[in-house]
Amino acid sequence: MSARPRSARAAARELERTLESQKEFIDNACHELLTPLTIIRGHLELRPDDPAEREAAIEVVTDEVMRMTRLVDELRVLALTRRPDFLDSELLDAGAVVRVVFDKVRALAPRDWRLEYRDRGWLVGDRHRLEQALINLAHNAVQYTGPEDRIAIGAGVDERGARLWVADSGPGVPADEHDRIFERFAYGAGGRRHPNSTGLGLAIVSAIARAHGGHVELDSTPGHGATFAVVVPAIR
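Residues numbered from 1 in each chain as written. Predicted model: local features only at pLDDT ≥ 70, side-chain atom pairs only at ≥ 80, totals over all residues. Heavy atoms only, no water.

K.L.:
How should I be thinking about the packing of helix α4 (residues 127–143) against helix α5 (residues 201–211) in this particular structure?
P.N.:
When two helices pack together, you describe them by how their axes are tilted relative to each other and by the distance separating the axes. At a closest axis distance of 9 Å, the pairing of α4 and α5 adopts a crossing angle of 150°. Looking at the two axes, α4 sits roughly antiparallel to α5. For the crossing formed where α4 meets α5, the hand is left-handed. Contacts between α4 and α5 involve Arg129, Leu130, Gln132, Ala133, Asn136, Leu137 and Asn140 on the former and, on the latter, Gly201, Leu202, Ile204, Val205 and Ile208. Classifying every residue of the contact of α4 with α5 by side-chain character gives seven nonpolar, four polar and one charged. (Axes fitted to C-alpha atoms, helices over the stretch in contact; angles between N-to-C directions. Helix = DSSP H or I, 4+ residues; strand = E, 2+ residues; numbered from the N terminus. Parallel < 35°, antiparallel > 145°, perpendicular 65-115°, else oblique. Left-handed = near helix turned anticlockwise from the far one by under 90°. Contact = heavy atoms within 4.5 Å. Nonpolar A, V, L, I, M, F, W, Y, C, P; charged D, E, K, R; others polar.)

K.L.:
Help me understand a nonpolar patch on the surface, please; the structure alone is not making it clear to me.
P.N.:
A cluster of nonpolar side chains, namely Leu91, Val124 and Ile235, defines an oily patch on the protein surface of about 250 Å² accessible area. Positionally, Val124 belongs in strand β3 (residues 122–125). (Patch = residues over 30% accessible without salt bridge, like charges linked within 9 Å, V, L, I, M, F, W, Y side chains within 5 Å. Areas by Shrake-Rupley, 256 points an atom, 1.4 Å probe, with all protein chains shown as cover. Salt bridge = Lys/Arg side-chain N within 4 Å of Asp/Glu carboxyl O.)

K.L.:
What is the right way to look at the nonpolar core in this model?
P.N.:
The nonpolar side chains of soluble globular proteins are, as a tendency, buried together. In this structure, Trp113, Leu134, Leu137, Ile153, Phe228 and Val230 are the most contacted members of the largest nonpolar core, which totals 44 residues. Among the elements of the structure, α2 (51–80), α3 (94–105), α4, β4 (150–158), β5 (161–168), α5, β6 (215–220) and β7 (226–232) are those that each provide at least two residues to this core. Counting residues per element, this core draws most heavily on α4, which supplies seven residues. With sequence-adjacent residues up to four places away left out, Trp113 is seen in contact with Phe102, Val105, Arg106, Leu108, Ala138, Val142, Ile151 and Ile153. (Core = buried A, V, L, I, M, F, W, Y, C linked by side-chain atoms within 4.5 Å. Buried < 20%, exposed > 50% of the residue type's maximum accessible area, 1.4 Å probe, protein only.)

So, in structure tokens, the structure goes:
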């Protein structure tokens, strides 16, 4: 007789946590969208007469519109991850997936780009979503590295599953931030976030991995780079 009330209380607490999480997400999304809107409004109200100042204002407004567009696109992806039709799965060669991503991302910035993949391995997944996750990881690596740094993209299959990874020789991630950086609109210690980041890229990577029945692993030591790996079930 006592199990049902406890179950009801647990369900109520879970609902409360879900509602609180949704409220926090909406508050954060509103904040992130209001910032570029405020910048755009301010520059439109200035209406400078000088052509050079007007051109500079147009450039700022354009950048902020692009940032808002990227943010809205990423919010839409996060919303879709909970839908049963989010994935369009097929049999995939893990090595082929990373080769396609490598060809795309090495144009992001001048880095020591390297392609690393081991013996042929297979998985069932959504090609475009997995590519999106790796592109997000590559973009994140570019933001925290310089032209002389190495960024490697690779894949491998072992007893733990199919691993699709992006590794860099940048500054690494402090241990106390390993969990935090995968949260939506995450900031690092001291409010640190790259100025070009929406705070959603790694959250999307994690959501894509979970949708595939997998997870994201981070191996990093400050000063010695970072390796982010999307780990999903493999076919061996």
